[in-house]
Amino acid sequence: ILKSLVYIADDGTPQARPVMALIRGDLDVEDIKLQNAVAANDIRLATGEEVASLMPGVSKGFIGPVNLPASVTLVADASTEMLKNFAMAYNVVD
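No experiment lies behind these values; they were computed from the predicted model shown.

This paragraph deals with the pattern of salt bridges. As enumerated under the stated definition, the model contains 5 salt bridges in all. Between glutamate 30 and lysine 33 there is a salt bridge, with its nearest N and O atoms 3.8 Å apart. For lysine 33, a relative accessible area of 56% gives the class exposed. Close ionic contact of glutamate 50 with arginine 44 constitutes a salt bridge, the shortest N to O distance being 2.6 Å.

Right, here's the structure in full:
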């Protein structure tokens, strides 16, 4: 399983930016490592409302790295490099 988690990165500018982190399903994102990877001052998980405004019609728990808006920074953990035949969300609520 490939997990897709949406974060909001604050890099000191007036507009916070969305970041999608991809990681193997049995692992957890380490917030500090992600924060450092995107050069942010602070990072937090996006709320359901933020996900819905970013990708209309998509709910938390069903978001995947498909048809992302250009404003989303995509970061993949090294654990995803060797994945084959895996399942992931596809922006469709089932």
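Bringing the layout of surface pockets into the picture now. Each pocket or cavity is described by its volume, and for the largest pocket that value is around 230 Å³. Lining the largest pocket we find 13 residues, and of these Val29, Glu30, Lys33, Leu34 and Asp77 sit closest to its centre. For the lining of the largest pocket, the secondary structure elements donating two or more residues are β2 (17-24), α1 (31-37) and β4 (73-76). There is about 200 Å³ of room inside the second largest pocket. Along the walls of the second largest pocket sit 13 residues, with Ser4, Leu5, Lys60, Gly61 and Ile63 positioned nearest its centre. Partitioned by chemical class, the residues of the lining of the second largest pocket number 9 nonpolar, 2 polar and 2 charged.

One non-glycine residue, asparagine 67, lies in the positive phi region at around 50 degrees. Structurally, asparagine 67 can be placed in the loop between α2 (48-54) and β4. Residue class for asparagine 67 comes out exposed when judged on its relative accessible area of 72%. In this model, asparagine 85 sits at a positive phi of 55 degrees, which is unusual for a non-glycine residue. Relative to the helices and strands, asparagine 85 is located in the segment after β4. By relative accessible area, asparagine 85 is classed as exposed at 84%.

Conventions used here
- Residues numbered from 1 in each chain as written.
- Predicted model: local features only at pLDDT ≥ 70, side-chain atom pairs only at ≥ 80, totals over all residues.
- Heavy atoms only, no water.
- Salt bridge = Lys/Arg side-chain N within 4 Å of Asp/Glu carboxyl O.
- Buried < 20%, exposed > 50% of the residue type's maximum accessible area, 1.4 Å probe, protein only.
- 1 Å grid on protein atoms, 1.4 Å probe; cavity = no way out; pocket = protein on both sides within 12 Å on 5 of 7 lines; lining within 4 Å.
- Points joined across faces, edges and corners; volume = space filled by probe spheres on them.
- Helix = DSSP H or I, 4+ residues; strand = E, 2+ residues; numbered from the N terminus.
- Nonpolar A, V, L, I, M, F, W, Y, C, P; charged D, E, K, R; others polar.

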